[in-house]
Amino acid sequence: MSSPKLRRQIAWEAARLMYSRECSEYFNAKQKAARRIYRGWIKPADLPTNAEIREQVQLLARISEGDQGYSQRLLEMRLRAAWWLRKLTPFHPKLIGSVLTGSIREGSDIDIHVFAASPQSIAIVLDEQGVFYHMERKRVEKNGEQRVFTHLHVRDQFPVELTVYHPSLLGFNFRSSITGKPIERAGIAELERVIAMEHDVDANGQAEQLLTMDACPDRSNVFLSLLVPLENVRQSPRYHPEGDALFHSMQVFALAKDVMPYDEEFLLAALLHDVGKAIDPDDHVASGLEALEGFISERTAWLIQHHMETHKIHDRTIGARRRKRLAAHPWFEDLCLLGDCDRAGRVPGAEVEEPEEALQYIEQLDEMFE
């Protein structure tokens with residue numbers, strides 16, 4: 001039994017399941033939705049199509065984010081996808097998935113197929129871009145055959161998933177493993193046409209925005225690239241019984257978030273105050289500030305620059321004149337608070353966030369305020 005009304009109800013429920021990420025595949029979403037909406041048996045041909053569910057996902061996203069917010073995020077994701085397609089040109093990249101079809105939701109990836117004899121050749125390009133990624137190999141049984149698929153998960157402005165295929169499959173007509181239908185995909189030229197038609201951004205406008213991406217690396221990637229090496233920086237057990245410098249930095253960040261949860265500049269100072277220890281342990285303050293130049297505010301830089309002096313203030317080993325000059329500064333109270341967090345963040349076995357989680361929290365502060 002089926003009717004247009006029932007079909008629409010199933011499409012809406014399937015869309016809700018996909019938008020909330022309870023289901024990631026259209027087939028599973030429509031099957032689960034059908035069971036929830038109707039107790040009887042429904043012929044597969046009477047279930048909503050992927051396109052019908054996609055329309056409902058877009059509607060849900062627009063209701064949640066507003067038409068303008070949704071369209072802007074889709075444009076930003078498509079432009080970033082175009083940027084990656086250009087960077088990966090030697091590997092004949094093809095964009096697939098929700099960014100291409102326009103059915104993005106919270107947490108959507110930029111999904112790209114690339115063609116290379118070895119995933120390592122693509123990893124070299126990712127290393128050149130200074131992004132963090134991890135390689136995953138999945139063993140899948142398909143048509144009675146064991147196949148291994150390699151995915152490169154890239155942490156970028158938006159999450160990127162690269163699926164690596166052998167160059168011999170470049171002309172292969174990829175089909176969905178669930179529906180059996182051809183997968184929609186686009187190269188750089190096709191994607192540029194989509195952006196021009198659906199977002200009214202011409203070729204010159206797109207080129208200008210892609211150049212801006214080249215000139216301005218994502219600051220979260222910059223911060224992450226400086227934080228991760230701290231895991232290998234071992235510290236004196238006398239002063240740092242907690243262990244490596246990254247574990248210490250994450251503790252300091254957690255304490256800072258407790259006392260000033262909405263102060264981005266202060267939180268960044270807490271998170272990044274020791275990044276120089278992986279660059280030049282003999283002068284970690286100067287080397288850290290040099291690496292962070294252009295990516296942090298004047299206030300964040302000042303707090304990092306003087307955070308070591310807070311320990312002298314605490315121990316009463318700082319000169320009277322120097323202390324008086326610091327005390328006269330408008331950010332002195334913040335500096336002392338940072339020093340308190342720095343000294344308290346030395347607990348062995350404390351529970352801390354991952355650096356990626358901390359950076360995501362900071363990036364979302366503007367949205368949280370709204």
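Starting afresh in each chain, residues are numbered from 1 along the sequence in its written order. Given that this is a predicted model, residues contribute local features only at a pLDDT of at least 70 and side-chain atom pairs are listed and counted only at 80 or more, while totals for whole chains, interfaces and linings are drawn from all residues. By convention in this description, side-chain values take in all heavy atoms of the structure and omit both hydrogens and water.

Under an unreviewed UniProt entry, the name given to the chain is HD domain-containing protein, and the source organism is Rhodopirellula maiorica SM1.

(A) Examining the packing of helix α10 (residues 245-259) against helix α11 (residues 264-272) more closely. Fitted lines through C-alpha atoms give the axes, limited to the stretch in contact for helices. The angle between two N-to-C directions lies from 0 to 180 degrees. Only DSSP runs of H or I with at least four residues qualify as helices, and only runs of E with at least two residues qualify as strands; both kinds are numbered from the N terminus onward. One way to put it is that α10 packs onto α11 with a least axis distance of 7 Å and a crossing angle of 160 degrees. By the angle between their directions, the pair α10 and α11 is classed as roughly antiparallel. Note on packing geometry: the crossing formed by α10 with α11 is right-handed. In contact with Ser249, Met250, Val252, Phe253, Ala256, Lys257 and Val259 of α10, α11 contributes Phe266, Leu267, Ala270 and Leu271. A class-by-class count of the residues in the contact of α10 with α11 yields nine nonpolar, one polar and one charged. For classification purposes, an angle smaller than 35 degrees is called roughly parallel, one larger than 145 roughly antiparallel, one from 65 to 115 roughly perpendicular, and anything else oblique. By definition, turning the near helix anticlockwise from the far helix through less than a right angle yields a left-handed crossing, and turning it clockwise yields a right-handed one. Contacts are assigned to residue pairs with any non-hydrogen atoms lying within 4.5 Å of each other. Residues are grouped as follows: nonpolar covers Ala, Val, Leu, Ile, Met, Phe, Trp, Tyr, Cys and Pro; charged covers Asp, Glu, Lys and Arg; every other residue, Gly included, is treated as polar.

(B) Quick peek at the pairing of strand β5 (residues 160-165). Relative accessibility thresholds used throughout: buried, under 20% of the residue-type maximum; exposed, over 50%; partly exposed, between the two (1.4 Å probe, protein chains only). Taking burial as the measure, the six residues of β5 include six buried ones, the bulk of the element. Residues of β5 alternate between two faces, with Val160, Leu162 and Val164 on one and Glu161, Thr163 and Tyr165 on the opposite face, all of them buried. Looking at chain direction, strand β2 (residues 110-115) and β5 are connected through six bridges and run parallel. From the neighbouring strand, His113 faces β5, where its bridge partner is Thr163. For two strands to be treated as a pair, DSSP must find at least two bridges joining them.

(C) Spatial organisation of the nonpolar core. Here, the term nonpolar core denotes a set of buried Ala, Val, Leu, Ile, Met, Phe, Trp, Tyr and Cys residues that are joined through side-chain atoms within 4.5 Å. By size, the foremost hydrophobic cluster in this structure holds 41 residues, and its most contacted members are Leu227, Leu271, Leu272 and Leu292. Among the elements of the structure, α9 (219-227), α10, α11, α12 (284-292), α13 (298-305), α16 (332-344) and α17 (355-363) are those that each provide at least two residues to this core. In terms of residue count, α11 provides more of this core than any other element does, seven residues in total. Ignoring any residue separated from it by four or fewer positions in sequence, one finds Leu272 in contact with Phe223, Leu227, Leu292, Ile296 and Ile304. Residues Leu79, Leu100, Ile122 and Leu162 belong to the second largest nonpolar core, which totals 36 residues.

(D) Unusual backbone geometry, seen in detail. At His92, a position not held by glycine, the phi torsion is positive, near 50 degrees. With respect to the helices, strands and loops of the structure, His92 is situated in the loop between α4 (67-87) and β1 (94-96). Residue Arg316 is not a glycine yet carries a positive backbone phi of 60 degrees. Position of Arg316 relative to the elements: it lies in the loop between α14 (309-315) and α15 (320-327). Judged by relative accessible area, which is 77%, Arg316 ranks as exposed.

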